[in-house]
Structures are given as structure tokens and as C-alpha cells.
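# Structure assessment
What follows is each chain in one-letter form.
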Amino acid sequence: MEIGARIKELRIQNGLTQAQLAKTLGVTSAAVGNYEQGISFPKETVLRKLFGALNCTPNELLSEEKYSAEDYEHLRLYSMLTAEGKRAVDECTERELAQASEMSDIKIAARRGGSEIALRKRTDKSIFDAEDYKR
């Protein structure tokens with residue numbers, strides 16, 4: 001995601017208008033609009049103010065990868081756990097990832113339009129062992 005789109009997304013998440021953000025940054029509303037549209041890039045001094053105004057880290061704003069504030073909060077909480085707590089979370093994560101990897105995608109082509117539709121196929125057959133299916 002481009003920085004302009006991230007600025008806009010974070011501005012909206014923080015409930016700010018372009019004018020409010022502009023006032024906090026000491027720039028015009030048009031300048032904020034230009035940042036959001038990718039017409040111009042904030043100067044270093046403005047960029048530093050953006051982190052505080054948008055309540056974000058430099059990585060959240062500038063990184064190519066998009067992590068939400070919730071993702072960062074999970075990481076912050078994880079870092080506060082004891083070694084035993086981290087092991088428990090890691091085990092749970094591994095279990096969930098293993099379960100997710102057991103799911104496979106089946107791609108079919110739509111008859112009209114030609115676009116693909118991805119369906120999830122369950123690899124475990126437990127759903128068919130239910131009494132309703134045995135009759």
C-alpha cells in the first residue's frame with residue numbers, strides 16, 4: 001500500500017479530517033490531500049509529526065507490509081508474556097497453522113466471465129461421519 005493511502009486510512013481510523021490533520025502538522029489541507037493522493041511526499045519534519053498525529057509507528061506508515069494496530073498490540077502483549085506463556089501461545093499458533101495448511105483450495109472457472117472462484121476443501125472427512133450422513 002502506498003504511503004498516501006496509509007495516511008488516509010490512518011487519518012480516518014483516528015477520526016480526523018484533512019483540515020484537522022493539517023492543523024496538527026502545520027501544513028495546509030491541500031498539502032494533506034496531496035500526500036494522500038500521492039502527488040507529494042511529506043518532508044522529514046512533517047513525517048515525524050505524522051507518527052504522533054496518526055498514532056502509528058514508522059513501520060506502520062512506511063512499511064510495504066500492512067500490519068494493523070491490532071497486530072502490533074498482539075505483538076506488544078506477546079512480548080510481555082513469560083517464557084512459559086510464549087511457549088503456550090507458540091504451541092497454539094503452530095496447531096492453528098497446521099490446521100490451516102490442511103485446507104486446500106480448489107479453483108473452478110465460472111461459465112460466464114471466466115474468472116476463477118476459490119473454494120475450500122476440507123481434508124478431514126469428519127463431517128461425513130456424522131449420523132445424518134450415514135442414513
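Computed from a predicted model, the values in this text were never measured in an experiment.

The next subject is unusual backbone geometry. Residues apart from glycine generally show negative phi values, whereas peptide bonds are mostly found in trans. At Asn-55, a position not held by glycine, the phi torsion is positive, near 55°. Relative to the helices and strands, Asn-55 resides in the loop between α4 (44-53) and α5 (58-62).

Time to look at the nonpolar core. Soluble globular proteins tend to pack their nonpolar side chains together in the buried interior. Counting residues in each nonpolar core, the largest one holds 17 residues, and the members touching the most others are Ile-7, Leu-21, Leu-25, Leu-50, Leu-54 and Leu-61. Only α1 (3-13), α2 (18-25), α3 (29-37) and α4 provide two or more residues apiece to this core. The element that contributes the greatest number of residues to this core is α4, accounting for five residues.

Glancing now at the side chain of Glu-60. Looking at the element boundaries, Glu-60 is found in helix α5. Here Glu-60 sits buried without a salt bridge, and the closest side chain of opposite charge, Arg-6, lies 4.7 Å off (N-O distance).

It is worth spelling out the packing of α2 against α4 at this point. Close contact between α2 and α4 brings their axes to 9 Å; oriented N to C, the two are set at 120°. When the axes of α2 and α4 are compared, the pair comes out oblique. Handedness of the α2/α4 crossing: right-handed. Two secondary-structure elements touch here, α2 through Leu-21, Thr-24 and Leu-25 and α4 through Val-46, Lys-49, Leu-50 and Ala-53. Considering only residue class, the contact of α2 with α4 consists of five nonpolar, one polar and one charged.

So, how was this worked out
Residues numbered from 1 in each chain as written. Predicted model: local features only at pLDDT ≥ 70, side-chain atom pairs only at ≥ 80, totals over all residues. Heavy atoms only, no water. Helix = DSSP H or I, 4+ residues; strand = E, 2+ residues; numbered from the N terminus. Core = buried A, V, L, I, M, F, W, Y, C linked by side-chain atoms within 4.5 Å. Buried < 20%, exposed > 50% of the residue type's maximum accessible area, 1.4 Å probe, protein only. Lys, Arg positive; Asp, Glu negative; His and termini not counted. Salt bridge = Lys/Arg side-chain N within 4 Å of Asp/Glu carboxyl O. Axes fitted to C-alpha atoms, helices over the stretch in contact; angles between N-to-C directions. Parallel < 35°, antiparallel > 145°, perpendicular 65-115°, else oblique. Left-handed = near helix turned anticlockwise from the far one by under 90°. Contact = heavy atoms within 4.5 Å. Nonpolar A, V, L, I, M, F, W, Y, C, P; charged D, E, K, R; others polar.

Function cannot be inferred from these measures alone, as they are strictly geometric.
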